[in-house]
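Residue-level listing of the chains:
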Amino acid sequence: EAIHNEHLCRKSVVLAIGGGAALDVIGFAASIAHRGIPLIRIPTTTLSACDSGLGVKNGINYFGKKNFIGVFDPPYAVINDYSFLTTLDDRHWIAGVSEAVKVALIKDEALFDTIESKAEMLVNRNMDVAKSIIMRSADLHLHHITEGGDPFEKSESRPLDFGHWSAHKLETLTEFTLTHGEAVSIGLALDITISKRLGFLDECTHSRILSVLHSLNLPTTHKELLNPELIKGLEEFREHIGGELTLLMLEGLGKPNEIHELDSETVRQAIDELM
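So, a few notes on the structure that sits alongside this text. (Residues numbered from 1 in each chain as written. Predicted model: local features only at pLDDT ≥ 70, side-chain atom pairs only at ≥ 80, totals over all residues. Heavy atoms only, no water.)

1. Structural notes on the pattern of salt bridges
Pairing is possible between side chains of opposite charge, provided their charged atoms come close.
Then step 1. With the rule as written, the count across this model stands at 17 salt bridges.
Then step 2. Across the pair Lys65 and Glu239 runs a salt bridge whose closest N-O atoms are separated by 3.4 Å. With Lys65 in strand 4 (residues 65-72) and Glu239 in helix 12 (residues 232-241), this residue pair connects regions lying 174 residues apart in the sequence.
Then step 3. Look at Lys65 and you get partly exposed, because its relative accessible area is 24%.
Then step 4. On the basis of relative accessible area, Glu239 is assigned to the partly exposed category, the value being 43%.
Then step 5. A salt bridge links Arg91 to Glu182, with the shortest nitrogen-to-oxygen separation between them at 2.7 Å. Of the two residues, Arg91 is situated in helix 4 (residues 90-95) and Glu182 in helix 10 (residues 180-197); the sequence distance between them amounts to 91 residues.
Then step 6. Using a relative accessible area of 10% as the deciding quantity, one classes Glu182 as buried.
Then step 7. A single network of salt bridges, built from pairs that share partners, joins Lys196, Arg197, Glu203 and Glu273. (Salt bridge = Lys/Arg side-chain N within 4 Å of Asp/Glu carboxyl O. Helix = DSSP H or I, 4+ residues; strand = E, 2+ residues; numbered from the N terminus. Buried < 20%, exposed > 50% of the residue type's maximum accessible area, 1.4 Å probe, protein only.)

Structure below.
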């Protein structure tokens, strides 16, 4: 409606300033008005600066499911202005770091080492440390999208969605009282525990990852993990990616491994261990 009322045309530009949810909504609107108006994103949260602001996806929730409606439409440009991050409360400041942990676990052991050694400085909002980690996370996400061979996710493999099958379900089960970053942290904790139970990940690395999440004051459990509805997140994730269920498990830092089936008993045992 705003695009219509302001008489924007296909040569206009929509400037989206906000966190991930705002960027998604504005990006979706820009992509369907006149079949697409150029979009410039200015992320204002830690999470959108290091992850979602760089993506080609614009999605909104429907039918009680994450991102059910949406499009793939790359932004014209992304501008990270770190002064916006100073306006965040402590909860939203640190929650987004979970996405940096995620991409470090699957793609960059050195980044994980940095997050581990600088965890206290991150919690205390050291901006120089945060900038470095955010930029490395953004670079890794951007490189995967542009060089990974599947920018519009036509295949079933979704490495950047590591830990997300349960995270998305947890967000809806908690009626979004969990932030996306917090849900991802719990999803990461669950999937590394499943990885250990499947024999992929050793106990030492598993404990080390959980310790880093804890040192960042990120959650690794929630009462809704015990909700029987959680397991439906697997099928919803399969529907969302299309075709065969494909999940990423971890064999070590920077060493992902894809699986195509996961039984509910293994998930339940992993949840019991976490709780």
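Having put the structure on the table, let's press on.
2. Some words on unusual backbone geometry
Then step 1. Phi at Phe63 is positive, roughly 55°, even though this residue is not glycine.
Then step 2. Along the polypeptide, Phe63 turns up in the loop between strand 3 (57-62) and strand 4.

3. So, the packing of aromatic side chains
The description of an aromatic ring pair uses the distance of the two centres, along with the angle that the planes make with each other.
Then step 1. In total, this model carries 2 aromatic pairs according to the counting rule given.
Then step 2. Considering the side-chain rings of Tyr62 and Phe63, the 4.8 Å spacing of their centres and the 80° angle between planes classify their relative orientation as edge-to-face.
Then step 3. Taking relative accessible area as the criterion, Phe63 reaches 59% and is therefore assigned exposed.
Then step 4. Residues Phe63 and Phe68 carry aromatic rings whose centres are separated by 4.9 Å and whose planes lie at 85° to one another, so their mutual orientation is edge-to-face.
Then step 5. Here Phe68 falls in the partly exposed class, since its relative accessible area comes to 43%.
Then step 6. Members of the aromatic cluster, connected to one another through ring pairs, are Tyr62, Phe63 and Phe68. (Phe/Tyr/Trp six-rings, centres within 6.5 Å; stacked < 30°, edge-to-face > 60°.)

4. Considering the nonpolar core
Then step 1. In terms of nonpolar packing, the biggest core is built from 66 residues, with Val101, Leu105, Ile115, Leu122, Leu216 and Leu247 touching the most fellow members.
Then step 2. Here this core takes 8 residues from helix 10, the largest share from any one element.
Then step 3. When residues no more than four places from it in sequence are discounted, the contact partners of Ile115 are Ala100, Val101, Ala104, Leu122, Ile133, Val212 and Leu216.
Then step 4. Ile3, Val14, Ala30 and Leu39 belong to the second-largest nonpolar core, a separate cluster that totals 8 residues. (Core = buried A, V, L, I, M, F, W, Y, C linked by side-chain atoms within 4.5 Å. Contact = heavy atoms within 4.5 Å.)

5. Regarding the environment of His222
Then step 1. Along the chain, His222 falls in the loop between helix 11 (203-215) and helix 12.
Then step 2. Along the sequence, His222 and Glu182 sit 40 residues apart, while their C-alpha atoms lie 10.0 Å from each other.
Then step 3. Ignoring anything within four residues of it in the chain, the contact list for His222 reads Thr174, Leu178, Ile186 and Met275.
Then step 4. Side-chain polar atoms of His222 contact the backbone nitrogen of Glu224, separated by 3.0 Å. (Polar contact = N/O pair within 3.5 Å; in protein donor to acceptor, adjacent residues only side chain to side chain.)

6. Topic: helix 13 (residues 264-274)
Then step 1. Within helix 13, burial applies to Thr266, Val267, Ala270, Ile271 and Leu274. Burial along helix 13 is one-sided: seen end-on, the buried residues are contained in an arc of 135°.
Then step 2. Against the buried residues of helix 13 lie helix 9 (164-173), helix 10 and helix 11.
Then step 3. Near the N-terminus of helix 13, the side chain that reaches the backbone nitrogen of Glu265, with its oxygen 3.2 Å away, is that of Asp263. (Arc of directions from axis to C-beta.)

7. Let's talk about the sheet that holds strand 1 (residues 14-18)
Then step 1. The parallel open sheet is built from 3 strands, whose spatial order is 1-2-5. In this open sheet, the two strands that pair with only one neighbour each are strand 1 and strand 5 (77-78).
Then step 2. Where helix 2 (residues 20-32) meets the sheet, its contacts fall on strand 1 and strand 2 (39-43), and the angle it forms with strand 1 comes to roughly 165°. (Pairing = 2+ DSSP bridges. Axes fitted to C-alpha atoms, helices over the stretch in contact; angles between N-to-C directions.)

8. Some words on the pairing of strand 2
Then step 1. Judged by how many residues are buried, strand 2 sits mostly within the fold: 5 of 5 residues are covered.
Then step 2. Here strand 2 shows two buried faces, one formed by Leu39, Arg41 and Pro43 and the other by Ile40 and Ile42.
Then step 3. The pairing of strand 1 with strand 2 spans 5 bridges and is classified as parallel. Of the residues in strand 2, the one forming a bridge with Ala16 is Arg41.
Then step 4. After leaving strand 1, the chain enters helix 2 and then returns to the sheet as strand 2, a path that is right-handed.
Then step 5. Bridge count for strand 2 against strand 5 is 2 bridges, and the pairing is parallel. Pairing of Arg41 across the sheet is with Val78, part of strand 5. (Right-handed = clockwise from strand over helix to strand, strands pointing away.)

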